[in-house]
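Coordinates in review
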Amino acid sequence: MFKELDPILHSQLRLAVMSLLIGIKEAEFTFIKEKTNATAGNLSVQIQKLKDAGYIEVNKQFKDNYPLTTCSITKKGIEAFEKYVKALQGYLHTDTN
Amino acid sequence: MSNEKKLTEQESLQLITSMIQKAKASYHDKGISAILWGVTIAIASLLSYLQIELNFDFPFDPFLLIIVAIVFQIYISVKESKLNKVTKHEDAAINAVWLTYGISILGLVAYINIVPNVSAQLSKQEGWEFVKHYINNTKPDEILSPFVLSSYSLFILLYAFPTLVTGITKKFVPMIVGAILAYVFFIISCFTALKFDLLLGALAAIVCWLIPGIILRRKFLKLRNNNV
């Protein structure tokens, strides 16, 4: 029986954001935008969805009079990501058999 | 990148791998701090060695160069914190280790400057003094100001500590090798006179910070040029 893939994570941009954040403590919005090649508008929407799911934390502050948004993965996000990767491995393992 | 595209399982795994690699590759130590401290400590140690070897005094203590290096370090840290868009998990731990190291060095400097004078005062209160006695009575005994013996060995020992922590945490072999060599220099310095301890300290600064710093700098510049 296949485990169902988390629909929040099973989307190209949201998965890219989670994969970027999984190995680091926090990253600025501009960094995520640059690495994912996403538009600011699209990225903001997907980040909001991840935030609503409780997978990431978003901090908005000011640095040198400019707005600065940083994102970091939450414990719930790490658990969901690990579960997603395990489910993927399950699918791929079945494919190779 | 679109959020709408339906991913296959293979594509998902490839995306995860490539993003993790991108995150890893995005953060590079520029090597400036390591070069700064390697040069400062090596020059200060060598100038102090020359003072003893050539029997002359500079108008200032060569180790006061550290104050200049601290000012530069603050400027570099502020500038880099503005440019860094990513914070890694180990950053806070490594920064804490270097902060603790800095406090320990200051503590050791205070110890070396305070303890001998306090020891002399305490001994006087007890009614005795430190005396330099020449074997075979070739010269008359002299009143001796107490001092911490081979104190620079302790600095070499301290140089190795944060370097080894950083090297192991960041899996950066040149720093691990540098720290191990510094421990070897510390052992050697236990058996040598102060002026040679200063030379060993200069060598420790070169292997712990200057050489790893140059390697980091070259890597950073190579990557930056590749990205242009």
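Criteria and thresholds
- Residues numbered from 1 in each chain as written.
- Chains lettered and ligands numbered in written order.
- Predicted model: local features only at pLDDT ≥ 70, side-chain atom pairs only at ≥ 80, totals over all residues.
- Heavy atoms only, no water.
- Core = buried A, V, L, I, M, F, W, Y, C linked by side-chain atoms within 4.5 Å.
- Buried < 20%, exposed > 50% of the residue type's maximum accessible area, 1.4 Å probe, protein only.
- Helix = DSSP H or I, 4+ residues; strand = E, 2+ residues; numbered from the N terminus.
- Contact = heavy atoms within 4.5 Å.
- 1 Å grid on protein atoms, 1.4 Å probe; cavity = no way out; pocket = protein on both sides within 12 Å on 5 of 7 lines; lining within 4 Å.
- Points joined across faces, edges and corners; volume = space filled by probe spheres on them.
- Buried area = accessible area lost by both parts, 1.4 Å probe.
- Salt bridge = Lys/Arg side-chain N within 4 Å of Asp/Glu carboxyl O.
- Polar contact = N/O pair within 3.5 Å; in protein donor to acceptor, adjacent residues only side chain to side chain.
- Nonpolar A, V, L, I, M, F, W, Y, C, P; charged D, E, K, R; others polar.
- Pairing = 2+ DSSP bridges.

A word on the nonpolar core. One broad rule of soluble globular proteins: the nonpolar side chains tend to lie buried together. Ranked by internal contacts, the top residues of the largest apolar core, which has 37 residues, are Met18(A), Leu21(A), Ile32(A) and Leu43(A). Of all the secondary structure elements, the ones that give two or more residues to this core are α1 (12-21), α2 (29-36), α3 (40-52), β2 (56-63), β3 (66-73) and α4 (75-96) of chain A together with α1 (9-25) of chain B. Apart from the residues within four sequence positions on either side, Ile32(A) is in contact with Val17(A), Leu20(A), Leu21(A), Ala27(A), Leu43(A) and Cys71(A). Counting 24 residues, the second largest nonpolar core, distinct from the first, contains Ala42(B), Ile112(B), Ile156(B) and Cys208(B).

Before going further, it helps to spend a moment on the layout of surface pockets. Considering only enclosed or pocket space, the second largest pocket measures out at about 530 Å³ in volume. Lining the second largest pocket are 16 residues, with Ala25(B), Ser26(B), Tyr27(B), His28(B) and Phe220(B) sitting closest to its centre. When contributions to the lining of the second largest pocket are tallied by element, the ones reaching two or more residues are α2 of chain A together with α7 (194-227) of chain B. If one sorts the elements of the lining of the second largest pocket by residue count, α7(B) sits on top with 4 residues.

In this complex, chain A contributes 33 residues to the contact, which on the side of chain B involves 26 residues. Carbon and sulfur atoms make up 62% of the area that chain A and chain B hide from each other, which totals about 2800 Å². At the boundary of chain A with chain B, the tally comes to 0 salt bridges. For the pair chain A and chain B, the number of links is 7 residue pairs in polar contact (both at pLDDT 80 or more). Of all the secondary-structure elements, those providing two or more residues to the side of chain A that touches chain B are α1, β1 (26-28), α2, α3 and α4 of chain A. Tallied by class, the residues present in the side of chain A that touches chain B amount to 16 nonpolar, 10 polar and 7 charged. Alignment of β1(A) against strand β1 (residues 86-87) of chain B, held across 2 bridges, turns out to be antiparallel. In the strand pairing of β1(B), Ala27(A) is matched with Val86(B).

Further remarks concern the side chain of Glu28(A). Looking at the element boundaries, Glu28(A) is found in strand β1. On the basis of relative accessible area, Glu28(A) is assigned to the buried category, the value being 11%. Excluding anything up to four places from it in sequence, Glu28(A) contacts Lys63(A), Leu68(A), Thr69(A), Thr70(A), Asn84(B) and Lys85(B).

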